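# Understanding the architecture of this molecule
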Amino acid sequence: MTMHNKTPHDLGYLIGLFGVVATLLWIGIFKYTPTEALQIKPLIENHPLISWMYHVFSVQFVSNLIGTFEIFTALMLIVSIKKPHVGYYAGAVASLIFVVTLSFILTTPGTFKVVDGVPLTDFFLFKDIVFLGITLITMQKGHQAIQARRQTA
């Protein structure tokens with residue numbers, strides 16, 4: 001697909017993908033700081049599937065590991081723009097990141113509160129619903145590219 005025949009749908013997808021990539025890179029880099037390592041500690045230590053990591057690794061190492069995973073995923077998503085088949089794997093990995101992040105809403109004590117009769121949550125987690133949608137589209141585009149490659153092979 002050349003630049004001059006992109007549809008508004010493609011442009012919207014690319015803008016959404018840029019937001020996902022920029023956020024993953026930015027947050028991934030920030031994970032290397034002691035401030036962010038301590039910020040995510042309550043999320044990790046209260047999650048039944050990943051809390052074990054603190055029994056094996058230090059708080060900073062766990063944060064670095066997650067940051068590396070986020071940066072690598074962002075780079076894969078960038079590659080998927082030119083090589084759509086990579087998007088299948090990038091989308092799957094990114095979707096996993098966002099599903100786990102969204103699950104923090106349920107596993108972290110104090111995440112939900114009621115203010116003036118309105119239930120609220122930590123909205124920085126809630127944004128991952130949109131990110132999950134974008135990465136599922138990336139995965140779908142990647143699957144279509146893989147199918148197309150198989151048909152021409």
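Relevant structure appears above.
So, a few notes on the structure that sits alongside this text. Residue positions within a chain follow its written sequence, with the count starting from 1. Totals for whole chains, interfaces and linings use all residues, but because this is a predicted model, local features are given only for residues with pLDDT of at least 70 and pairs of side-chain atoms are given and counted only at 80 or more. Side-chain descriptors were evaluated using all non-hydrogen atoms of the structure, hydrogens and water having been removed beforehand.

### Thoughts on helix H5 (residues 84-107)
The secondary structure listing takes helices from DSSP runs of H or I that are at least 4 residues long and strands from runs of E that are at least 2 residues long, numbered from the N terminus. The span expected for a helix works out to 1.5 Å for each residue beyond the first. The end-to-end C-alpha distance of H5, which contains 24 residues, comes to 34 Å, matching closely the 34 Å that a straight helix rising 1.5 Å per residue would cover. To obtain the bend at a residue, axes are fitted to the seven residues ending there and to the seven starting there, and the angle between these axes is taken. Roughly 25° is the biggest bend found in H5, and it falls at Ala90.

### Observations regarding the nonpolar core
Within the largest apolar cluster, 27 residues are counted, with the highest numbers of intra-cluster contacts made by Val20, Leu24, Ile44, Leu77 and Phe98. Of all the secondary structure elements, the ones that give two or more residues to this core are helix H1 (8-30), helix H2 (34-45), helix H3 (53-56), helix H4 (59-82), H5 and helix H7 (128-152). In terms of residue count, the dominant contributor to this core is H5 (seven residues). Contact between two residues is taken to exist if any of their heavy atoms lie within 4.5 Å; hydrogens are not considered. Setting aside anything within four residues of it in sequence, one finds Val20 in contact with Leu77, Phe98, Phe131, Ile134 and Thr135. Here, nonpolar core refers to any group of buried Ala, Val, Leu, Ile, Met, Phe, Trp, Tyr and Cys residues whose side-chain atoms link them within 4.5 Å. Burial classes: relative accessible area under 20% of the type maximum marks a residue as buried, over 50% as exposed, and values in between as partly exposed (1.4 Å probe, protein chains only).

### Remarks on the packing of H4 against H5
A fitted line through C-alpha atoms represents every axis, and for helices the fit uses only the stretch in contact; the resulting angles, taken between N-to-C directions, go from 0 to 180 degrees. Contact geometry for H4 and H5: axes closest at 8 Å, N-to-C directions at 150°. Classified by the angle their axes make, H4 and H5 are roughly antiparallel. In the crossing of H4 with H5, the sense of the turn from one axis to the other is left-handed. Residues Phe69, Glu70, Thr73, Met76, Leu77, Val79, Ser80 and Lys82 of H4 form the contact with H5, whose participating residues are Pro84, Val86, Gly87, Tyr89, Ala90, Gly91, Val93, Ala94 and Ile97. Charged means Asp, Glu, Lys or Arg here, nonpolar means Ala, Val, Leu, Ile, Met, Phe, Trp, Tyr, Cys or Pro, and polar covers whatever is left, Gly included. Classifying every residue of the contact of H4 with H5 by side-chain character gives eleven nonpolar, four polar and two charged. Oblique is the label for every angle not falling under 35 degrees (roughly parallel), over 145 degrees (roughly antiparallel), or within 65 to 115 degrees (roughly perpendicular). Each helix crossing is assigned a hand: it is left-handed if the near helix lies turned anticlockwise from the far helix by less than a right angle, otherwise right-handed if that turn is clockwise.

### Re the environment of Val59
Here Val59 lies in helix H4. For the pair Val59 and Ala37, spaced 22 residues apart in sequence, the C-alpha separation works out to 6.2 Å. Val59 has contacts with Ala37, Leu38, Lys41 and Tyr54, leaving out every residue within four places of it along the chain.

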